[in-house]
Amino acid sequence: MSSSSHHIIPLKVLFATAGALLVLTGLTVAVAYIHIPTPFNIIVAIGIAVAKAVCVAAFFMGLYWDKKINTIALLLSVVFLTLMVGVTLLDTMFREKPSDIYNKMPAPPPTTQM
Amino acid sequence: MATLPVLKEYPAQEHPETHFLNHDKSLKSWLLTVDHKRIGLMYLASVIFFFFVGGVLALALRLELWEPARNFMDADTYNRIFTLHGAVMIFLFIIPSIPAALGNIFLPVMLGAKDVAFPRLNLASFYIYVGGALFTLYSMAHGGIDTGWTFYTPYSTTSGSAVISMTFGVFVMGFSSILTGMNFIVTIHKMRAPGLVWGKLPLFIWSLYATAIIQVLATPVLAITLLLLIMERTLGIGIFDPALGGDPVLYQHFFWFYSHPAVYIMIVPAFGIISELIATFSRKTIFGYWAIAFSSLAIAFIGFLVWGHHMFTSGQSELSTVVFSFLTFFVGLPTGIKILNWVATMYKGSIWMQSPMLYAIMFLFLFTIGGLTGIMLGALSVNIHLHDTYYVVAHFHYVMMGGTVFAFLGGLHFWWPKFTGKMFNELQAKIAAVILFIGFNMTFLPQFVMGSQGMPRRYYGYIEQFQTLHQYSTVGSWVLGVGFLLIFWYLVQSLRKGEAAPSNPWGGRSLEWMISSPMPPHNFDYIPVVKHGPYDYHQPIAEFRLGIDDGHSHTETKAH
Amino acid sequence: MSHTDATHSNSHLQHHFVDSDQQFDSAKLGMWLFLVTEILFFGGLFVAYIVYRAWNPELFTMAATQLDTVMGGINTLVLIGSSLTMALAIRAAQTDNPSASIKYLASTVALAFVFMVIKYFEYTHKFELGIYPGEAYSFTGIDHPKAHIFFSIYYMMTGLHGIHVIIGIGIITWLIIKTRNGAFNSSYYTPVEITGLYWHLVDIIWIFLFPLLYLID
């Protein structure tokens, strides 16, 4: 082979990856039946999904052996998606109810009787 | 062990008989071309056409605003016209203007490549743009829309106007922008000539690179936003409409997540052009090359984190307003660095005041005003008063028109001899530039004053006290119109009877000036080898024409 | 320098590339950039999901009970299987084995069809209950005023994903036809490679959709 971009993935790696994905899928379902307190249940579920995605990206999609720029492109998209989620949540999760704002206002001055 | 190839000088052919414009004159060779230069020209013609459409809409608006009450159009028509002016100018003119038109023509040439990485995708990108434009025209023919170019919910989900065809047209055009971005990133990464390391790239290329990254990351979010809007209208999905249990502020987050980086798609390529103009016409190497290069990337990155500054009064949380305000101030820093570096480049330079340079200097003045007023708007307490007033309108016209359009005109004049092979009348160009400068300030300076005094934007009628300022602004719009007509006139004259252009009229050092004007069909008949940076004016021209034989015979059997 | 060997012609080399390696690398980077746009495109829907789940956690828990975990789980295994067959198809093209490549590409299409059939059953079952997207929602089994929003998000996410599966079926079928016509070999299999990248992303998106929609405990 003259360059790494034409790397032929060994059969053993492909089947091992598929196997790992099956196991992780089983884990995904199993974890859903165990009660884990929020927010950790979400963290665990996403964590397992990320592990599966990494397997697919690194081994099925060949990033492990590929030129680094392709991995950087993928990571960049994840970074920006995370930023979009995170910064939006800075608004949606921290809104004050209008009633709270009214409660924080100082009491109006007494009206003068004419 | 291979020996190193011998470097030869490949001088440019002056006034070539055959070049990319005339080597095949059939209509089919243009409509089915995969030549990036021809595709760029088709984009150029299209964006100029839509600029005039948007301009006529603007003149109509300003005419209606001559008197406080109704002049010749009713309020509903007024709403449709200002919406259309915004949508046409933003999506059909300014976003493709520098990258898809000038960028397509010059990016491969500046890299020493024969074309972009995916020439057929490039052609597809143009036709997708045309397709999107047709949907927009269809929408216009059905009365257009009256929601403002921002399509805010819940009005856009319930308005009776042609929202779906307009948003679908914009959705389609987004793919054109994405494909251009993809093409540019791959071309810059994979197709640079030997010796052309990142540190020797012209700054225009760096700016197109940063812009392409924004296009690829941001435009898909616009796509999903518009898709959700269409679904909301047709199926009543309920994510954005409070009547259905949704949140209208969420729409604004989705919309501005694209639309703020979009303004950097508009201005960053303009910055790239200004770097080229100022270095060339100061005959001096750019001051702070890496600072300018990295500041483009910094602006691209930070620009993704400031979108909430369009939403300070929308009802988003106090925490997010504070974060967005801080980051908005922060994004001004890399931009400020550029302005300082450009001025430092001019210092002790040998200034040649040709019309492209005139545009660049006007840009410095106008964009600084635009940029600083943006910072003003980023201050939370001030924004409460200025949001949705003419202050905002003036701010964005100073950056988009005083900035991008002036830089676009500067680039157009700079590269005109290269892609047409003709020179234009320099005196007329200078006069037109000055007319534009006067007309522009007459139109938009009064708007800062009006806005700070409380004149709201998008208003059809207004109170007496603002009439004088509105009238100054309207007269200014007429001066602008005259200026643009003059430019159109002398450029057409240049095509008809302009003097034949030399390969390097301005003494530039980047690769486009090393080949003939107009360019050869395949750009280079050799493999260019780059030894020096693009602003090394003290090196003789011969040093920039070096290359090695590429062993290809260029027969015309390959269809282009 | 060029990857082509004596047995395969260089007719696929486009004139603006120096050699076929540069062309192949460019195609791959181009496809990765397209996948980046897909991630941000679907990403918007994930944002809507996260925002509404954070606002209405109990709704999401209740509504997810209407989704069939078994069918979703089978579909997850089906797509993972199809990713494996797709990777094997590419491998077969790389090793000058077109008949094996066709076999694996056809398997990928078959698995994709299974996915869509299961999806069809899931959707029709919901329609029977009155669970439609948007204003047509008429199911009364979930006691929450915003139940229709959960399902609108569900339909948008799985619907858009389903459209991408169908597009994938179309492209892979085209690959089967081209392979039968002898278009691909160890020197040139770029379309197979980049279609594979697309298909793996379709799999990855489902890997996230499954736990987020079906497995909210």
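Now for a description of the structure that goes with this document. (Residues numbered from 1 in each chain as written. Chains lettered and ligands numbered in written order. Predicted model: local features only at pLDDT ≥ 70, side-chain atom pairs only at ≥ 80, totals over all residues. Heavy atoms only, no water.)

## What about the interface of chain A and chain C?
Each side of the interface is counted separately: chain A has 51 residues, and chain C has 44 residues. Taking both partners together, chain A and chain C bury about 4,200 Å²; carbon and sulfur atoms supply 75% of that area. Sorting the residues of chain A by area buried against chain C places His6, Phe60 and Met61 of chain A first, and these three jointly supply 16% of that buried surface. Scanning the region where chain A abuts chain C turns up two salt bridges. At the junction of chain A and chain C, the tally comes to seven residue pairs in polar contact (both at pLDDT 80 or more). Tallied by class, residues from the side of chain A that touches chain C come to 34 nonpolar, 13 polar and four charged. (Contact = heavy atoms within 4.5 Å. Buried area = accessible area lost by both parts, 1.4 Å probe. Salt bridge = Lys/Arg side-chain N within 4 Å of Asp/Glu carboxyl O. Polar contact = N/O pair within 3.5 Å; in protein donor to acceptor, adjacent residues only side chain to side chain. Nonpolar A, V, L, I, M, F, W, Y, C, P; charged D, E, K, R; others polar.)

## Looking at the packing of aromatic side chains
Here the structure, examined in full by the defined rule, presents 85 aromatic pairs over all chains. Where Phe80 of chain A meets Phe301 of chain B, the ring centres are 5.8 Å apart and the plane angle is 80°; that geometry is what we call edge-to-face. Of this pair, Phe80 of chain A sits in helix α3 (residues 68–92) while Phe301 of chain B sits in helix α9 (residues 289–302), each in a different chain. On the accessibility criterion, Phe301 of chain B (39% relative accessible area) is partly exposed. Each residue in the set Phe106, Phe204, Phe281, Trp352, Phe414, Trp415, Trp416, Phe419, Trp506 and Trp513 of chain B is aromatic and connected to the rest through ring pairs, giving one cluster. The positively charged end of Arg38 of chain B is found above the aromatic ring belonging to Trp30 of chain B, 4.2 Å away from the centroid. Above the ring of Tyr104 of chain C, the side-chain terminus of Lys103 of chain C is found at 5.3 Å from the ring centroid. (Phe/Tyr/Trp six-rings, centres within 6.5 Å; stacked < 30°, edge-to-face > 60°. Helix = DSSP H or I, 4+ residues; strand = E, 2+ residues; numbered from the N terminus. Buried < 20%, exposed > 50% of the residue type's maximum accessible area, 1.4 Å probe, protein only. Lys NZ or Arg CZ within 6 Å of the ring centre and 35° of its normal.)

## Description of the interface of chain B and chain A
Across the contact, 22 residues belong to chain B and 14 residues belong to chain A. For the pair chain B and chain A, the summed buried area comes to about 1,500 Å², and 79% of that belongs to carbon and sulfur atoms. Run the count over chain B and chain A and you get one salt bridge. One salt bridge connects Arg95 of chain A with Asp247 of chain B, and the closest N-O pair in it is separated by 3.1 Å. On inspection of chain B and its partner chain A, the count reaches four residue pairs in polar contact (both at pLDDT 80 or more). Looking at the side of chain B that touches chain A, the elements with two or more residues in it are α6 (163–190), α7 (203–235), α8 (248–282) and α10 (318–346) of chain B. It is α10 of chain B that provides the largest number of residues to the side of chain B that touches chain A, a total of five residues. Its residues placed into classes, the side of chain B that touches chain A shows 13 nonpolar, six polar and three charged.

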